[in-house]
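Listed below are the residues making up each chain.
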Amino acid sequence: ILFTIISAVAYGLTPLLCPLAYAVGANPETVVFLRNFFALPILLCIILSKKIDIRLPKGIFWKILVVSVLGMATTNVLLYSGYTYLPVGTVTTLHFMYPVFVALFGIVFFKEKLGKLKGIVLTIATCGIFFFMETGSSVSMQQALVGILVSLASGVTYAFYMVAIERMKLKDLNSYVLTFYITLCTCVSVGIYAICIDKFAVF
């Protein structure tokens, strides 16, 4: 529970730094790349210090690659792009619609039962999100619409990430090793993407 609370606080603080980075010439693609790039040596040091076997079982890497590119990398680029359209609080709140999308994935693709209690909780949570909706006077209607769509899309891709981690049995891997490879794949894929669209603004 303590680790979950700390991770939630860290996750909530990260977006507050994005506008500061954008103000000095960074962009969403660069921030996502650097975020993952700087995490790699830290994760590697933890793995080596704990003497954890970094090798992956046969056939697992390709599953991690799919989850990383379509899930984590896409989510981060969409989420950080949303911060260029709408206030941080609004974008992050819309992103947190992902539990609803997780439930929808389960119902549509895996024939899961929603259940009365879970349905009530998701409904209340969704209604609560709309109380945080504010665009600010300087945001045009078109900009707000794009921001909303991008933010919700980040929730959809993150829901895919969550479901895929469980359905592909990746959660059975050591958490440090799994995080290391997801971070590595995300870093490389976003770096290549940024270069291809000429948005690699590291320097």
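(A) Spotlight on the pattern of salt bridges. For the coordinates displayed, the defined rule picks out 2 salt bridges. Among the salt bridges present, the one from Arg167 reaches Glu112, with a minimum N-O distance of 2.4 Å. Pair noted here: Arg167 is in helix α7 (residues 141-167) and Glu112 is in the loop between α5 (98-110) and α6 (116-130), with a separation of 55 residues, a long-range link. Residue classification places Glu112 among the partly exposed positions, given a relative accessible area of 37%.

(B) Main features of the packing of aromatic side chains. As enumerated under the stated definition, the model contains 11 aromatic pairs in all. Relative to Phe37, the ring of Phe33 has its centre 5.6 Å away and its plane inclined at 20°; by these criteria the two rings are stacked. Of this pair, Phe33 and Phe37 both sit in helix α2 (residues 28-49), 4 residues apart, which is roughly one turn of the helix. What makes Phe33 buried here is its relative accessible area of 13%. Judged by relative accessible area, which is 42%, Phe37 ranks as partly exposed. Look at Phe180 and Tyr181: their rings are 5.3 Å apart centre to centre, the planes differ by 80°, and that puts the pair in the edge-to-face class. For the residue pair Phe180 and Tyr181, the accessibility class agrees, reading buried in each case. The side chain of Arg167 reaches across the aromatic face of Phe110, ending 3.9 Å from its centre.

(C) Local environment of a nonpolar patch on the surface. A cluster of nonpolar side chains, Leu104, Ile107, Val108, Phe109, Phe110 and Leu114, forms an exposed patch at the surface whose accessible area comes to about 520 Å². Inspection of the secondary structure puts Ile107 in helix α5.

(D) View of the confidence of the model for the protein. For the protein, the mean per-residue pLDDT works out to 90, and 97% of the residues sit at or above 70. Mean pLDDT values over the elements of the protein span from 82, in α6, up to 97, in helix α8 (residues 175-196).

(E) The arrangement of unusual backbone geometry in detail. The phi angle at Lys51 is positive, at roughly 55°, despite the residue not being glycine. Following the sequence through the fold, Lys51 ends up in the loop between α2 and α3 (60-82). Located in the positive-phi region is Asp198, a residue other than glycine, with phi close to 60°. Relative to the elements of secondary structure, Asp198 occurs in the segment after α8. Accessibility expressed as a relative area gives 70% for Asp198, which makes it exposed.

Cut-offs applied
Each residue is numbered by its place in its chain's sequence as written, counting from 1. At least 70 in pLDDT is required for a residue's local features to be given in this predicted model, at least 80 for side-chain atom pairs to be given and counted, and no such filter applies to totals for whole chains, interfaces and linings, which use all residues. With hydrogens and water stripped out, all remaining heavy atoms of the structure feed into the side-chain values. Here a salt bridge means any side-chain nitrogen of Lys or Arg lying within 4 Å of a carboxyl oxygen belonging to Asp or Glu. Secondary structure elements follow DSSP: runs of H or I no shorter than four residues count as helices, runs of E no shorter than two count as strands, and numbering proceeds from the N terminus. Throughout this description, buried means an accessible area under 20% of the type-specific maximum (1.4 Å probe, protein chains only), exposed means over 50%, and partly exposed covers the range between. Side-chain rings of Phe, Tyr and Trp, where Trp is taken by its six-membered ring, are said to pair if the distance between their centres is within 6.5 Å; with planes under 30 degrees apart they count as stacked, over 60 as edge-to-face, and otherwise as tilted. Any Lys NZ or Arg CZ that is within 6 Å of a ring centre and within 35 degrees of that ring's normal is treated as a charge sitting over the ring. Residues qualify for a patch when their relative accessible area is over 30% and they have no salt bridge, like charges being joined within 9 Å and the nonpolar side chains of Val, Leu, Ile, Met, Phe, Trp and Tyr within 5 Å. Surface exposure here means Shrake-Rupley accessible area, sampled with a 1.4 Å probe, where a residue is shielded only by the protein chains that are shown. Confidence per residue, as judged by the predictor, is encoded in pLDDT with a range of 0 to 100.

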